[in-house]
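Structural overview for review
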Amino acid sequence: MNIGDRTRTLTTVDARPPATLMVRWSDGTRAELSLARLLRDKSFKALRDPTKFAAARLGEWGHSVEWSSGCRTWRRNALAGDLVRYRP
């Protein structure tokens, strides 16, 4: 990890039901994330509804992804295992 990693933030999020997020960081890095495994957890049950999943938005300061259902995710490296396509 370098100083750039600590200051990098999310700039866009595009939810693609049933369980994929397309994200872009402030350094231009883009990724397609599959949250299928995460959605199996009971705390994310509300997001199994495609309409609710599609309502994803950036959290405050660009450090998380949030949904109106109250779900929030994006601890550093929490979704690293869900990265399905990396696009520099």
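For clarity, every value in this text was computed on a predicted model and none was experimentally measured.

Aromatic ring pairs are reported here in terms of the distance separating the ring centres and the angle at which the planes meet. Applying the stated rule across the entire model yields one aromatic pair. Relative to tryptophan 67, the ring of phenylalanine 53 has its centre 5.8 Å away and its plane inclined at 35 degrees; by these criteria the two rings are tilted. Taken together, the residues phenylalanine 53 in helix H3 (residues 50–53) and tryptophan 67 in the loop between strand E5 (65–66) and strand E6 (72–73) connect sequence positions 14 residues apart. The residue whose ring lies beneath arginine 8 is tryptophan 25, and the NZ or CZ to ring-centre distance is 4.7 Å.

By size, the foremost hydrophobic cluster in this structure holds 18 residues, and its most contacted members are Leu21, Val23, Phe53 and Trp67. Secondary-structure elements contributing two or more residues to this core are strand E1 (10–16), strand E2 (20–25) and strand E3 (30–34). Every residue in contact with leucine 21, bar those within four places of it in the chain, is listed here: Val13, Asp14, Ala15, Ala31, Glu32, Leu33, Leu35, Phe53, Ala56, Val65 and Trp67.

In this section: the environment of leucine 33. Relative to the helices and strands, leucine 33 resides in strand E3. With relative accessibility at 3%, the residue leucine 33 sits in the buried group. Spatially, the C-alpha atoms of leucine 33 and alanine 19 are 8.3 Å apart, while their sequence positions differ by 14 residues.

Along E2, five of the six residues are buried, which leaves the element largely enclosed by surrounding structure. Linking E1 to E2, which pair antiparallel, is a turn of three residues. Pairing geometry for E2 and E3, over five bridges, is antiparallel. Each bridged residue has a counterpart across the sheet, and for leucine 21 the counterpart in E3 is leucine 33. The loop that links E2 with its antiparallel partner E3 comprises four residues; one of these, glycine 28, has a positive phi angle of about 95 degrees.

In this section: the environment of alanine 19. Within the secondary structure, alanine 19 is located in the loop between E1 and E2. Judged by relative accessible area, which is 9%, alanine 19 ranks as buried. Separated by 28 residues in the primary sequence, alanine 19 and leucine 47 have C-alpha atoms spaced 8.4 Å apart. Each residue touching alanine 19, except ones within four places of it in the same chain, is listed here: Leu33, Ser34, Leu35, Ala36, Leu39 and Phe53.

The rules behind these values
- Residues numbered from 1 in each chain as written.
- Predicted model: local features only at pLDDT ≥ 70, side-chain atom pairs only at ≥ 80, totals over all residues.
- Heavy atoms only, no water.
- Phe/Tyr/Trp six-rings, centres within 6.5 Å; stacked < 30°, edge-to-face > 60°.
- Helix = DSSP H or I, 4+ residues; strand = E, 2+ residues; numbered from the N terminus.
- Lys NZ or Arg CZ within 6 Å of the ring centre and 35° of its normal.
- Core = buried A, V, L, I, M, F, W, Y, C linked by side-chain atoms within 4.5 Å.
- Buried < 20%, exposed > 50% of the residue type's maximum accessible area, 1.4 Å probe, protein only.
- Contact = heavy atoms within 4.5 Å.
- Pairing = 2+ DSSP bridges.

Structural measurements only, silent on function.
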